[in-house]
Structures are given as structure tokens and as C-alpha cells.
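Now for the letters of each chain:
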Amino acid sequence: METIQNLLFGFSIALQLQNLFFCFVGSLIGTLIGVLPGLGPAATMAILIPFAAGLPPTAAIIMLAAIYYGAMYGGSSTSILLNIPGEAASVVTCLDGYQMARQGRAGPALGISAISSFIAGTVALFGLVFLAPVLVDVALRFGPPEHFGLLVLGLSVAVSLAGESLPKGLASAALGLMLAAVGIDPQSGLTRYTFGVVNLMGGFDVVVVVVGLFAIAEVLSNAETPAFEIFKGKIAGFWPNRKDLRDSAAPIARGSFVGFLLGLIPGVVPPVITFVSYDLEKRCSKHPELFGTGRIEGVAAPEGANNACTGSGMIPLFVLGLPTTASLAVLLGALMIHGLQPGPMLFEQQKEFVWAVLASMYVGNVMLLVLNLPLIPLWVSFLRIPYPLLGPAIIVICVIAAYGVRNSLFDVWIMLGFGLLGYAMRKLEFPAIPLIIALILGDRLENALRQSLTLSRGSLVVFVESPIALGFLATAAVSIGFSLYYRYQSRGVSATTHG
Amino acid sequence: MRRMNDIQAGILAMGLVAVSLLSATVGGAAEYPKRAIDVVVPISAGGAGDTWVRTIMPYLSKKWGVPINVVNKPGGSGVIGTVAVLASPPDGYTVAYDGHIVPAVTAIQADCPFKWTDLTPIGKLASAPLAFAVPADSPWKTLKEAVEDIRKNPEAIKAGVGGVSMPAVFALAKLFDSVGIDFKRLNRVIFDGSAPTMAALAGKHVMLTSQPAIDAIALLKAGKIRVLAVSSSKRSPNLPDVPTGKELGYPAYDRQTYGGLNGPANLPAAITKVWADGLKEALEDPAIVEKLSVRETLVDFQSPEDYRKFLETQYKENLAIAEQLGLRK
Amino acid sequence: MARWDRIAGWVLVGVATFGVWGALRLPIGRPSSPEPGFVPLVEAILLGLAGSALIAQTRKAPSDKTVPWPTGEARRMVLHLAVALTAYVFLMWILGFVPSTFLFVLVAVGAWRRYSWWVSTVYAAGVTLLLQLTFRVALGMPLPSGLLGLF
């Protein structure tokens with residue numbers, strides 16, 4: 001089959017020494033970027049574009065792409081070890097991953113995260129290779145009403161993660177929505193809730209809030225414990241055991257599937273995809289109430305989704321020149337600089353390049369697996385550092401992270417504020433996840449709603465007319481319905497969300 | 001040599017002191033730049049304008065022998081980064097990149113914390129044309145057909161734009177105004193950036209867009225959209241079959257997106273000149289021209305004075321459009 | 001817990017009221033054609049409802065749990081870190097990254113009262129140096145230089 005031939009040809013190029021080297025460099029940088037909270041792949045890629053411009057096109061794009069998916073690998077490490085998400089897409093991994101770490105199971109968590117990412121990357125590659133053009137057309141059918149439906153589904157996840165007290169969970173979500181509204185309204189240019197403070201015109205950045213709400217609050221909480229090592233007990237092994245692997249198989253499959261499909265749609269960002277994947281996993285589980293206490297499925301699925309969507313995001317990029325996320329927009333810029341025009345012409349005239357890049361993505365996945373697995377004992381040993389030393393270091397890294405997002409000291413103050421708020425929220429048992437979900441989704445949700453209503457000139461029927469939109473809304477309704485049902489049926493046993 | 005007497009020595013000494021003091025104040029520019037310069041880009045890393053800046057600055061950095069840091073300070077449609085530069089001392093070590101931000105945001109936002117006149121224009125770098133695009137199966141095959149159809153029933157037309165202060169808004173407003181159509185009557189859908197707008201066009205959720213041509217090329221070649229016109233004065237090398245608005249008899253479709261540099265108020269003319277000369281030279285470098293033209297961007301250097309006039313014209317046009325459309329709040 | 005839940009509930013209602021006020025300063029529009037103030041208004045109302053529900057809940061089912069606010073030693077620790085962190089951000093603005101980071105780490109490590117001043121100083125210096133090298137030098141990331149631009 002021609003495709004297989006092309007793929008093999010691509011591998012032959014991807015495995016050339018120079019390309020291999022830059023794939024490695026990119027993976028390494030990407031992992032580092034992912035581990036360090038705040039510095040995202042998009043900014044790093046942009047900074048490296050002038051450097052990459054001097055390289056031959058294939059090597060350059062291979063390196064930049066490796067940074068992108070490498071960051072996804074790295075982002076989960078700090079989520080699991082320190083409850084600090086490396087980026088917004090890793091927030092969900094904190095829920096169960098960190099709990100596993102506290103139970104001494106950081107190694108298996110990290111291991112499953114890497115394995116899941118690898119398998120998902122492979123799945124994505126196959127999907128990319130064999131299904132590419134067909135799926136793009138489906139993805140384009142996503143207009144504002146469909147986006148609205150998907151985002152409502154994402155928001156409904158907040159209900160299922162509300163914890164014991166529904167009013168508290170809803171309050172957290174509502175607060176997140178209101179925080180998202182601060183700044184300039186994208187639909188009209190009006191400033192909302194800024195009260196003349198210029199810095200508020202940019203609104204609250206998700207990473208800054210997450211770092212404050214999770215990391216700073218975490219350190220403050222830990223400071224109460226006189227024990228010098230927060231992670232009590234033996235570190236139970238560095239690798240996932242057989243049971244872990246068995247338990248994770250289906251979640252990985254589901255996560256990859258969901259991630260791959262949703263990653264095709266321009267405008268759907270990885271955080272949303274991981275939330276949906278986590279929620280799906282929870283519903284498919286026999287013990288949904290245990291999610292949030294250290295279930296390995298809660299790590300396997302979102303990590304798979306995470307990596308699958310980075311792979312499938314390449315499809316709209318290469319086929320239509322449509323970047324689905326900010327990082328891919330940077331990659332698009334790099335393509336252009338090298339004179340590579342996305343589109344069908346790319347597949348025809350630059351076959352060698354396209355297949356080399358696709359093949360190198362697989363090579364990159366292998367490399368990252370090889371890079372990350374042996375590093376696990378090293379990462380885990382970080383946990384042994386006495387907390388009086390580790391805690392302050394974490395705080396400083398958080399400050400750097402918050403500053404680095406927008407080169408703004410104002411953001412650091414915001415982080416501090418949310419750190420204190422997060423601490424209070426823990427004491428008062430207000431869940432933080434709904435706030436984060438709502439903050440990420442708030443603006444997009446409002447945009448999609450208003451765009452839809454503009455298109456339909458005010459008619460709400462538009463949400464019901466589209467089968468896709470209707471499907472998502474119905475799923476959200478059912479999802480909320482079940483959540484409420486289980487909640488009132490089993491008052492005693494309910495999901496606890498940590499942090 | 002005859003020995004100078006004390007008085008002559010004293011006068012000579014005072015003269016030397018006076019000369020060195022004078023050169024320290026006036027001739028500051030002769031030693032500019034002496035240390036690292038920050039170019040503040042008020043958009044996120046990786047955006048089109050950001051890449052232009054990152055392409056050009058290494059040349060200047062090498063020429064002047066000082067590091068030039070490109071610092072992204074996104075937020076508030078470019079307001080935050082611009083305000084940060086306005087608050088910096090006018091010593092030429094902090095400048096702001098302006099990618100269709102200043103004259104647009106100041107026109108649309110009544111509570112914008114600065115006016116375009118608060119900045120010292122340094123020079124324009126480049127322009128990139130917009131492309132009037134429709135879905136591939138649209139009944140409109142020429143711009144004329146589109147305009148006539150729109151004229152008949154503006155309310156039925158769904159137009160997508162990438163944001164509230166984007167060039168697309170003003171480009172379309174200008175175009176329609178010149179043929180007697182009130183842009184306000186069209187169903188204007190605002191998306192969050194160029195990519196979602198083009199995706200919506202390709203998916204046939206809207207009927208027309210006027211985003212930067214660079215965002216349209218791939219979709220055009222993939223057969224998902226049709227480009228009816230470009231807004232540059234000459235045909236674009238990457239789109240040789242697409243006529244310009246001027247050619248088609250619609251010279252009002254001439255809005256492009258552009259990039260330029262500004263400094264804080266009261267930037268000394270000597271420093272501005274150093275920048276202007278440097279930029280002019282950089283923009284003549286074939287490698288830079290090549291890298292920009294690949295991105296559907298034409299080098300379009302304007303001196304500080306010309307750039308100032310350009311900004312003024314843009315601002316006045318934008319203000320009129322903003323008020324007509326009821327955008328200015 | 002009930003008492004604090006009630007307080008939290010009232011705070012939320014307060015925030016919601018503020019939100020409603022802020023939203024009403026903007027054009028609201030109608031459900032079929034929402035303006036910038038519409039969605040924030042709805043969100044603020046939702047927050048108010050959630051807060052009220054919380055208050056109502058505390059009346060119905062008073063729980064015996066108490067809020068685990070820290071006391072004694074734990075409280076000292078948290079305050080120590082919180083104050084140090086606040087000072088850190090402030091100092092970073094004035095003095096820049098290097099001195100403020102060094103001082104913060106020094107003071108923060110001291111909160112646990114486990115290590116001698118010597119060890120803390122060396123550690124603080126080491127961390128500051130390492131971060132300076134990693135971020136400013138290796139990654140080229142700009143960090144605050146303080147008001148005088150010295151550090």
C-alpha cells in the first residue's frame with residue numbers, strides 16, 4: 001500500500017543522524033519546559049524559531065514538533081509529584097496523580113503517564129496516517145453551536161467534581177466563570193470589571209491562577225505538618241505493576257480515542273479535552289466515587305487524551321493550515337518560514353518532508369518514553385528532599401512561573417492572592433477544580449453562545465438543530481442528571497476532591 | 001612647545017570640560033545603544049507580528065552590538081504591553097511593537113488609557129494584505145457579484161471577523177461604505193482570532209471573511225475557500241491569480257495589517273533616527289525580505305514622519321468607522 | 001464548620017452582589033441577543049444562589065465538623081510563610097530577582113527552624129544561582145530587575 005511505503009520512507013529520513021539528533025534535542029527541551037510550570041511550549045517554540053530557521057526544514061520542524069509533544073510528557077511530572085500542574089492540560093492529572101504520590105505510588109503514576117502517552121501517540125500517528133483528510137471535513141462542521149455544546153459538556157464536568165457539597169462546588173464554578181469575564185469582552189471591546197486598572201484588562205491568566213490555587217496553597221497547607229517529610233511511608237516501587245497495567249488498558253484506549261477526535265477540532269484546547277476524558281473515565285468506572293483518591297485510571301486516561309490530541313492536531317495544521325492551539329500556530333509560522341505551505345500541495349510536492357515529520361513524531365514518542373522512564377527514580381527521589389528545603393524552592397519556581405507567563409509582576413500578585421484564597425478554600429472545603437474548569441471555559445462558552453445567537457439572529461433553536469450540538473447538550477444533561485442522582489442516593493459515600 | 005601660562009591652561013581645561021559635558025547631553029545618541037534593548041511585543045509569542053519582530057531584531061542586534069530582547073507582554077488587545085512601554089523612560093531602551101493595535105484600540109475603546117499621540121512613532125516595518133474570502137461553494141465568483149448580492153439584502157449576510165479591533169472590521173467597513181452599503185446591517189460574527197474565523201469560513205458557518213491573506217492560502221489550495229480579492233496595491237506573489245481590490249474597481253478595499261515600532265513620548269529625535277536608519281538597512285537585507293515575503297508579508301518601511309502620518313490617517317478612519325458602527329464605547 | 005460555612009456563604013453573596021453591580025454598568029441586552037453585561041449578570045446571580053443555598057444548608061443540617069484552622073505552631077508556620085511570600089513579591093518589584101529570592105529562601109527555610117543559618121544561607125545562595133542560570137542565562141527568560149534595574 002502506498003501509504004505504508006510512504007511511512008517507511010519517512011522513517012528512513014527521520015532516522016537520519018541529524019534529524020534524530022534534533023528530535024532528541026526538541027524532546028529534551030520540551031520535557032524541561034513541560035516540567036517547569038509557567039513556561040509553555042508556544043513561547044519556547046517562538047523563541048527558537050530564528051534558531052530553527054538556520055536548520056534544514058525537516059530538522060527544524062522535527063525539533064519544534066518534538067518540543068510541543070515533549071511538553072505534554074513533562075507537564076504531568078510536577079502534577080503528580082507536587083500537585084503543581086506544568087500547564088493547564090495537566091491540571092486533571094493532579095487529582096489522582098498527586099494522591100498516588102502521597103500514597104508512595106509516584107513511580108507507578110509517572111510510569112503509567114509515560115506509557116499512556118506513548119500508546120496514545122502511536123494511536124494518533126496511525127489515525128493521522130490513515131484517516132487524515134476524511135476527518136478534517138468532519139472537524140470543520142464544528143461551528144459556534146457545536147462548540148457551545150462541547151463546552152457545556154466540559155462545564156458539566158465541574159458538577160461531577162463538585163465534591164461533597166453541591167452549593168460549594170457550584171459556587172466555585174460560578175466564581176470561575178465570573179473571573180473569566182474580567183478583562184476585555186472579545187465580542188464588543190468593552191472592558192468588564194477592570195475599574196480603570198490597566199493590568200486587569202488582560203484578565204486572569206489560567207496558569208497564574210492554577211499555580212496560586214494549587215501550588216502555593218499546597219505549600220502553605222503542608223507547612224502546618226511538623227513532619228519533615230510530607231510523603232510518608234516507603235516509596236512503593238518505581239514502576240507500575242501488573243494490576244496497574246491491566247487497570248489502565250481500557251482508560252488508555254478511551255483517552256486516546258477521545259483525545260484524537262477532539263484534537264481535530266480547531267478551538268478545542270487540550271485542557272478541555274483532558275477534563276472530558278477524565279469525566280468519561282469516571283463514568284465508565286465501577287467505582288466513580290474513588291476518583292480523586294488515587295485511582296490510576298484518573299491518570300492514564302487524561303494523559304492519553306493529552307498526547308493523542310497533540311498528534312491529531314497536526315492534521316488540520318498540515319492539511320488546511322488551521323492551527324488548533326497556540327503552539328501549533330507557532331509551528332505553522334515555522335513551516336512558512338521554511339517555505340512550506342500547508343495544504344494538499346504539501347502532501348504532493350513535499351512528500352519527503354511530510355512523512356519524515358510524521359515518522360519522527362513516532363520516533364519522538366519512543367525517545368520520550370526512553371527519556372522519561374529511567375528518570376522516574378530521579379524525579380521520585382526529589383520527593384525525599386526535606387520539605388523545609390523543597391517548599392521554599394517550589395514557591396520560588398511558582399513565582400518565576402507566574403511572572404513568566406506574561407512578563408508581568410502583576411500576575412505574581414494575582415498568584416499570591418489566589419494562593420491565599422486556595423488555602424482558605426481547602427480549609428472551608430471548597431473544591432478548586434470547578435473554579436479552574438470554569439475559568440478556562442468561561443470566555444469560550446460566552447463567545448460560542450453569543451456567536452451562535454448572532455448567527456441565528458436570536459433563535460435558540462440553533463442549538464437543537466445541529467445534531468452534534470444537540471448530542472453534546474444532551475450528554476451534558478444526562479451527565480448532570482446522573483451526578484445529582486448518585487449524590488442524593490448515596491449521601492454517605494460521595495466523591496471527595498483533593499485540592 | 002611653548003609652555004602655556006596658567007590662564008591659558010585654565011581656559012583650555014574649562015573648554016575641555018564644557019565640550020565633554022555638551023557631548024554627554026547632546027551626543028547621547030552618538031553612543032546609543034550602549035546596553036540591552038527591550039522590544040515589547042503586546043501579543044502572544046508566535047503571532048504573525050511577533051515572528052516579524054523576531055526575524056528583524058537579530059540583524060539590528062548584530063549591527064549595534066547590543067542584545068535585543070523580544071519581550072511578550074500580551075493582554076487587553078495589546079493595551080497592556082503598550083502601556084508598559086509608555087511608562088518607561090524615553091531613552092530608547094524600551095520600544096513597543098504595534099501590529100494594528102494603536103490606531104485601532106484607541107478608536108474603539110473610549111476608556112483606552114492612552115492616545116495614539118502619546119507615542120513617538122519610530123517607523124513602519126511591514127504590511128500584509130487581507131484577503132476577501134468566501135467558501136468554495138459560494139454563489140459569488142467575483143467581488144462584484146458578492147457586493148451586489150450583499151447590497152440587495154445585507155441582513156442576510158453572515159460575515160466573520162477575527163476580533164473587534166482587527167483590520168478585517170475596518171477593511172470591510174471601508175469597502176462597503178464606498179459602495180453605499182451599511183456594514184452595520186450585516187450579520188457580523190466575531191471570532192477569537194484568525195484561525196477560528198477561517199475554520200468557520202471553510203465549514204460554511206459564515207459567508208465571507210477578510211482576514212490576512214496568509215491565513216487563507218492553505219485553505220485556498222485545499223479547495224475549501226475562494227479568494228475574491230486582496231487588499232494590497234499589487235497582486236500578491238503567492239496568490240498570482242487573485243486580483244487586487246483596486247483592479248476590480250474597489251479601491252476602498254485597501255486596508256492591510258501592518259507592523260511598526262513606537263517609543264514612549266518625547267523620545268529624542270537622535271535616538272529615533274538611529275532606529276529608523278537601522279530598520280531601513282535591516283529591511284533591505286535580502287534574507288529578511290525573503291523570510292517575510294514567504295509569510296505573505298511585504299517589507300514596507302516608512303520613516304518616523306511618514307509613519308506618524310500613516311498612524312494619524314488610520315486613526316481618523318478608524319474613529320469614523322467606529323462611531324458609525326456604534327463600536328466606540 | 002456550620003458557622004464558617006455561613007460566613008463563606010455571606011461572603012459569596014456579597015461577591016455576587018458586587019458582580020451584579022459590575023454587570024449592570026454594562027449594556028445587558030436580551031437573552032436572544034446578549035450584550036457584554038448579560039452573561040456576567042447571569043453568572044453573578046448563579047453565585048448568589050449558590051451562596052444562599054450554602055447558607056440555607058447550614059441551617060438545616062448543622063454538622064459537627066470544625067474548620068481545621070491552624071493553631072499554635074502550625075499557625076506560626078503558615079503565617080511565617082505567607083508574610084515572607086508577600087514580602088518577597090514586594091521586594092522583587094523593588095530590588096529585582098536575585099536579592100529578593102535569596103532573602104526569601106533564607107527566611108522561608110528558617111520557618112521550619114531545622115537548619116542553622118549557615119546551611120540556610122548556602123542553600124539560598126545555591127538555589128538563587130541555579131535559578132538565575134537556568135532561567136535567565138540558559139532559557140533567556142527575562143526576570144524582574146528591580147526599580148533600579150540593577151539585578
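Conventions adopted
Residue positions are counted from 1 within each chain, in the order its sequence is given. Here the convention is simple: chains get letters from A, ligands get numbers from 1, in the order in which they are written. Where local features are concerned, this predicted model is filtered to residues with pLDDT of at least 70; where side-chain atom pairs are given and counted, the filter is 80 or more; whole-chain, interface and lining totals use all residues. Calculated side-chain values reflect all of the structure's heavy atoms, with hydrogen atoms and water omitted. Helix and strand definitions follow DSSP, with helices as H or I runs of at least four residues and strands as E runs of at least two, each counted in order from the N terminus. Summary of the burial criterion: residues with accessible area below 20% of their type's maximum are buried, those above 50% are exposed, and those between are partly exposed, where the area comes from a 1.4 Å probe applied to protein chains only. We call two residues contacting when some pair of their heavy atoms lies within 4.5 Å. The protein chains shown are the only cover counted for residues, whose accessible areas, like all others here, come from Shrake-Rupley with a 1.4 Å probe. In this analysis a 1.4 Å probe is tested at points of a 1 Å grid over the protein atoms alone, and where it fits but cannot get out there is a cavity; an open set with protein on both sides within 12 Å along at least five of seven lines is a pocket; lining residues have an atom within 4 Å of a point. Grid points are joined across faces, edges and corners, and a volume is the space filled by probe spheres set on the points. Two parts placed together each lose some accessible area under a 1.4 Å probe, and the buried area is that loss summed for both. Throughout this description, the term salt bridge denotes a Lys or Arg side-chain nitrogen within 4 Å of a carboxyl oxygen of Asp or Glu. Lines fitted to C-alpha atoms define the axes here, with helix axes fitted over just the stretch in contact, and angles between the N-to-C directions of these axes take values from 0 to 180 degrees. Throughout this description, any angle smaller than 35 degrees is read as roughly parallel, any larger than 145 degrees as roughly antiparallel, any in the 65 to 115 degree range as roughly perpendicular, and the remainder as oblique. Charged means Asp, Glu, Lys or Arg here, nonpolar means Ala, Val, Leu, Ile, Met, Phe, Trp, Tyr, Cys or Pro, and polar covers whatever is left, Gly included. Buried residues of nine kinds, namely Ala, Val, Leu, Ile, Met, Phe, Trp, Tyr and Cys, make up a nonpolar core once their side-chain atoms join them within 4.5 Å. Throughout the structure description, domain borders are defined by an automatic or database domain assignment. Only strands joined by at least two bridges in the DSSP assignment are considered to pair. Expected span, for any helix, means 1.5 Å times one less than how many residues it has. Think of it as the arc spanned by the lines of direction from the helix axis to the C-beta atoms. Crossing handedness is read from the near helix: turned anticlockwise from the far helix by less than a right angle, it gives a left-handed crossing, and turned clockwise, a right-handed one. Aromatic rings from Phe, Tyr and Trp, with only the six-membered ring used for Trp, were paired whenever their centres fell within 6.5 Å, and each pair was classed as stacked if the ring planes differed by under 30 degrees, edge-to-face if by over 60, and tilted otherwise. As a reminder, the over-ring test applies to NZ of lysine and CZ of arginine, requiring each to be within 6 Å of the ring centre and within 35 degrees of the ring normal. Handedness of a crossover is defined as follows: with both strands directed away from the viewer, a clockwise route from the first strand across the helix to the second makes it right-handed. Criterion for a disulfide: a pair of cysteine sulfur atoms at a distance within 2.5 Å.

**Student:** Describe the overall build of chain B, naming the residues involved and giving the relevant values.
**Tutor:** In terms of regular secondary structure, chain B is built from 11 helices and 11 strands. Counting all 329 residues of chain B, 56% fall into the buried class. Across chain B, contacts joining residues at least 24 apart in sequence account for 78% of those joining residues at least 6 apart. Approximately 13300 Å² of chain B is accessible, and the part contributed by carbon and sulfur atoms is 57%.

**Student:** So what's going on with the side chain of Thr78(A)? Residues and values would help.
**Tutor:** Residues and elements named next belong to chain A. With respect to the helices, strands and loops of the structure, Thr78 is situated in helix α4 (residues 57–82). What makes Thr78 buried here is its relative accessible area of 9%. Not counting residues up to four positions away in its chain, the partners in contact with Thr78 are Val35, Asn83, Ile84, Pro85 and Gly86.

**Student:** Tell me about empty space enclosed by the protein, and name the residues and values.
**Tutor:** Residue and element names in this part refer to chain A. Under the definition given, this model contains nine cavities of 30 Å³ or more. In this structure, the largest cavity encloses a volume near 90 Å³. In terms of lining, the largest cavity is formed by Tyr73, Ser76, Ser77, Leu110, Ser113, Ala114, Ser117, Asn372, Leu373, Ile376 and Trp379. Those elements giving two or more residues to the lining of the largest cavity turn out to be α4, α6 (106–140) and α16 (351–382).

**Student:** Outline the interface of chain C and chain A, listing residues and values.
**Tutor:** Tallying the contact residues gives 63 residues for chain C and 57 residues for chain A. Summing both partners gives a buried area of about 5400 Å² for chain C against chain A, and 81% of it is carried by carbon and sulfur. Area buried by chain C at its contact with chain A is led by Glu43(C), Val89(C) and Trp112(C), which between them contribute 12% of it. The interface formed by chain C and chain A holds one salt bridge in total.

**Student:** Tell me what's going on with the packing of helix α1 (residues 2–14) of chain A against α16(A), and back it up with residues and numbers.
**Tutor:** All names here are of chain A. Their axes nearest at 7 Å, the elements α1 and α16 cross at an angle of 75°. It follows from the interaxial angle that α1 and α16 lie roughly perpendicular. Along its contact with α1, which presents Glu2, Thr3, Asn6, Leu7, Phe9, Gly10, Phe11, Ile13 and Ala14, the element α16 presents Lys351, Glu352, Trp355, Ala356, Ala359, Ser360, Tyr362 and Val363. The class makeup of the residues in the contact of α1 with α16 is 10 nonpolar, four polar and three charged.

**Student:** Break down the nonpolar core for me, with residues and values.
**Tutor:** Considering soluble globular proteins, one finds that nonpolar side chains tend to be buried as a cluster. In terms of nonpolar packing, the biggest core is built from 229 residues, with Leu64(A), Leu213(A), Phe214(A), Met314(A), Met415(A), Ile225(B) and Phe104(C) touching the most fellow members. Counting contributing residues per domain, this core is built from domain 1 (2–59) and domain 2 (73–138) of chain C, each supplying no fewer than three. Ala168(B), Ala171(B), Phe183(B) and Ile190(B) belong to the second largest nonpolar core, which has 36 residues in total.

**Student:** Residue-level account of the pattern of salt bridges, with values.
**Tutor:** Residues and elements named next belong to chain A. Evaluated as defined, the whole model comprises 34 salt bridges over all chains. Across the pair Asp244 and Arg105 runs a salt bridge, and its minimum N-O distance is 3.1 Å. On the criterion of sequence distance, the pair formed by Asp244 in helix α10 (residues 242–262) and Arg105 in the loop between α5 (91–102) and α6 is long-range, its members being 139 residues apart. In this structure, Asp185 engages Arg450 in a salt bridge whose closest nitrogen and oxygen atoms are separated by 3.0 Å. One end of the pair, Asp185, is in the loop between β1 (183–184) and β2 (191–192); the other, Arg450, is in helix α19 (residues 433–455), with 265 residues separating them in the sequence.

**Student:** Please give an account of the pairing of strand β4 (residues 120–129) of chain B that cites residues and values.
**Tutor:** Regular strands have side chains that alternate between both faces of the sheet. All names here are of chain B. Here β4 lies mainly inside the structure; 10 of its 10 residues are buried. Pairing geometry for β4 and strand β10 (residues 256–263), over eight bridges, is antiparallel. Following the sheet pairing, Gly123 is matched in β10 by Leu261. In terms of strand pairing, β4 meets strand β11 (residues 298–302) through three bridges, oriented antiparallel. Within β11, the residue paired with Ala126 across the bridge is Val299.

**Student:** Before we move on, could you go through helix α11 (residues 304–325) of chain B and cite the residues and values that matter?
**Tutor:** Residues and elements named next belong to chain B. For α11, built from 22 residues, the straight-helix expectation of 32 Å at 1.5 Å per residue is met to within 8% by its first-to-last C-alpha distance of 31 Å. Residues of α11 that are buried: Tyr307, Phe310, Leu311, Gln314, Tyr315, Asn318, Ile321, Ala322 and Leu325. Angularly, the buried residues of α11 cover 140° about the axis, an arc narrow enough to put them on a single face. Seen from the open side of α11, the exposed residues pointing more than 90 degrees away from its buried face are Lys316 and Glu323. Positive phi shows up at Gly326, right after α11, with a value of about 70°.

**Student:** Lay out the packing of α10(A) against helix α11 (residues 270–284) of chain A in plain terms, naming residues and giving numbers.
**Tutor:** Residue and element names in this part refer to chain A. In the contact formed by α10 and α11, the axes pass within 10 Å of each other and the chain directions differ by 145°. Classified by chirality, the crossing of α11 by α10 is right-handed. From α10, Pro251, Arg254, Gly255, Val258, Gly259 and Leu262 reach across to α11, where they touch Ile273, Val276, Ser277, Leu280, Glu281 and Cys284.

**Student:** Report on the packing of aromatic side chains, specifying residues and quantitative values.
**Tutor:** Going through the model one piece at a time under the given rule, you end up with 24 aromatic pairs over all chains. For the ring pair Phe148(A) and Phe463(A), a centre distance of 4.6 Å and an interplane angle of 40° mean the geometry is tilted. Highlighted residues: Phe148(A) in helix α7 (residues 144–160) and Phe463(A) in helix α20 (residues 462–465), separated in sequence by 315 residues. In this pair, the class of Phe148(A) matches that of Phe463(A), namely buried. Relative to Phe291(A), the ring of Tyr278(A) lies with its centre 5.5 Å away and its plane at 75°, an arrangement referred to as edge-to-face. Here the residue Tyr278(A) occupies a position in helix α11, and Phe291(A) occupies one in the loop between α11 and α12 (297–312), the gap between them amounting to 13 residues. One aromatic cluster is present, formed by Tyr193(A), Phe195(A), Phe18(C) and Trp21(C) through successive ring pairs. The lysine or arginine in question, Arg35(B), covers the ring of Tyr93(B), its NZ or CZ lying 4.0 Å from the ring centre. Note that Lys124(B) overlies the ring of Phe310(B), its terminal NZ or CZ placed 4.0 Å from the centroid.

**Student:** Break down the pairing of strand β6 (residues 158–161) of chain B for me, citing the residues and quoting the values.
**Tutor:** Residue and element names in this part refer to chain B. Where β6 lies against strand β7 (residues 187–190), four bridges are found, and the strand directions are parallel. If you follow Gly160 over to β7, its bridge partner there is Val189. Crossover β6 to β7 through helix α6 (residues 167–178) is right-handed. Relative to strand β8 (residues 208–209), β6 runs parallel, the two being bridged by two bridges. Bridge pairing links Gly160 to Thr209 in β8.

**Student:** Can you lay out the environment of Ile288(B) for me, pointing to particular residues and giving the numbers?
**Tutor:** Note that Ile288(B) resides in helix α10 (residues 286–294). Aside from chain neighbours lying at most four places away, what touches Ile288(B) is Thr55(B), Ile56(B), Tyr59(B) and Ala282(B).

**Student:** Break down the sheet that holds strand β2 (residues 68–72) of chain B for me, citing the residues and quoting the values.
**Tutor:** All names here are of chain B. The strand order β2-β1-β3-β10-β4-β11 describes an open sheet built from six strands, whose pairing is mixed. Two strands lie at the open edges of the sheet, namely β2 and β11, each paired on one side alone. Here the average twist between neighbouring strands, direction ignored, is 20°. Sheet topology note: the strand β1 (residues 37–41)/β2 ladder contains five bridges and is parallel.

**Student:** Can you explain the state of the cysteines? Please cite residues and give values.
**Tutor:** Chemically, a disulfide is nothing more than a covalent bond linking the sulfur atoms of two cysteines. All names here are of chain A. This structure, assessed with the given rule, holds zero disulfides over all chains. Sulfur of Cys309: no disulfide; nearest cysteine sulfur belongs to Cys94 and is 17 Å away. Classification of Cys309 by relative accessible area gives buried; the value is 4%.

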